[in-house]
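These are the residues of each chain, in order.
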Amino acid sequence: MKARIMKAFLEEIHEKSMKFTMDDLAKRLGISKRTLYEHFSSKTEILDAIIDSTLQEFDEKTAAIVQNPHLTLIEKIKCAITVVPKYNDFYNWQILEQMKKSHPAQWQRVHTAINEWDALRELIEEGIRQGEIVDQNVPLLMKLIIDATNSTLDRQFFFENRITVSEALDAIVDVLLNGIIRKNV
């Protein structure tokens, strides 16, 4: 039931922004408010559960990639950059801006998470040490990667251009790791 409530919460956000009520959510689910409150005490608690779920899933997927002995270092970097959590449609600039105003503590957690990427930083540093990646300023490389991947939070652009988040991330990885100049030019 909690997963169903979280899904309905996201649907409400997409339709009404953060301005919906627990009554609205109960109606969407076809349950009483009492039943809803048996699972979550507030909208903030549901929001925390969604954030916890996505951040945990992201960390678990990234850890599995880093620990996979069958992937090369470059494959690990590519895969780490393209990790997409289940509730990824929740993470877009419009929702994050609303969250910043109405739930600043939750916004801060998300903001920190999308701007820190320790596992990827370690992979890049290892790549530089092994000579597989050009020796560049690591904080600058991380900023470029983070800013490029966070551009997928502009869902309107990708919708208008018929690009999925996964397609965008794959293209971002390709450009970041292989550049835009043809090798035979």
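Parameters at a glance
- Residues numbered from 1 in each chain as written.
- Predicted model: local features only at pLDDT ≥ 70, side-chain atom pairs only at ≥ 80, totals over all residues.
- Heavy atoms only, no water.
- Salt bridge = Lys/Arg side-chain N within 4 Å of Asp/Glu carboxyl O.
- Helix = DSSP H or I, 4+ residues; strand = E, 2+ residues; numbered from the N terminus.
- Buried < 20%, exposed > 50% of the residue type's maximum accessible area, 1.4 Å probe, protein only.
- Phe/Tyr/Trp six-rings, centres within 6.5 Å; stacked < 30°, edge-to-face > 60°.
- Lys NZ or Arg CZ within 6 Å of the ring centre and 35° of its normal.
- Arc of directions from axis to C-beta.
- Contact = heavy atoms within 4.5 Å.
- Polar contact = N/O pair within 3.5 Å; in protein donor to acceptor, adjacent residues only side chain to side chain.

Trainee: So, the pattern of salt bridges: which residues are in play, and what are the values?
Mentor: Between side chains of opposite charge, a pair can form as their charged atoms come close. Applying the stated criterion across every chain yields a total of 11 salt bridges. A salt bridge links Glu11 to Lys7, with the shortest nitrogen-to-oxygen separation between them at 2.8 Å. Taken as a pair, Glu11 and Lys7 lie in helix 1 (residues 2-16) at a separation of four residues, close to a single helical turn. Among the residues examined, Glu11 registers a relative accessible area of 27% and is labelled partly exposed. Since its relative accessible area comes to 48%, Lys7 is described here as partly exposed. Across the pair Arg109 and Asp52 runs a salt bridge, and its minimum N-O distance is 2.4 Å. One end of the pair, Arg109, is in helix 7 (residues 104-115); the other, Asp52, is in helix 4 (residues 43-67), with 57 residues separating them in the sequence.

Trainee: I'd like a description of the packing of aromatic side chains, backed by residues and values.
Mentor: Inspection of every chain in the model, using the stated rule, returns three aromatic pairs. With a centroid separation of 5.1 Å and 80° between ring planes, the pair formed by Phe9 and Phe20 is classed as edge-to-face. Taken together, the residues Phe9 in helix 1 and Phe20 in the loop between helix 1 and helix 2 (22-29) connect sequence positions 11 residues apart. Each of the two residues, Phe9 as well as Phe20, counts as buried. Both rings, one in Phe58 and one in Trp117, keep their centres 5.8 Å apart while their planes meet at 45°; by these two values the pair is tilted. With Phe58 in helix 4 and Trp117 in the loop between helix 7 and helix 8 (118-130), this pair connects stretches of sequence that are 59 residues apart. The class of Phe58 is buried, set by a relative accessible area of 19%. Residue Trp117 is classed as buried on the basis of its relative accessible area of 10%. Over the face of the ring belonging to Phe40 we find Lys2, whose NZ or CZ atom lies 5.1 Å from the ring centre.

Trainee: Quick rundown of helix 2? Include the residues and the values.
Mentor: The set of residues buried in helix 2 consists of Met22, Leu25, Ala26 and Leu29. Down the axis of helix 2, the smallest arc covering the buried residues is 100°, so these residues share one side. Close packing links the buried residues of helix 2 with helix 1, helix 3 (33-39) and helix 4. Between the side-chain oxygen of the N-cap and the backbone nitrogen of Asp23 there are 3.3 Å, and the N-cap of helix 2 in question is Thr21. Backbone geometry just after helix 2 places Gly30 at a positive phi near 70°.

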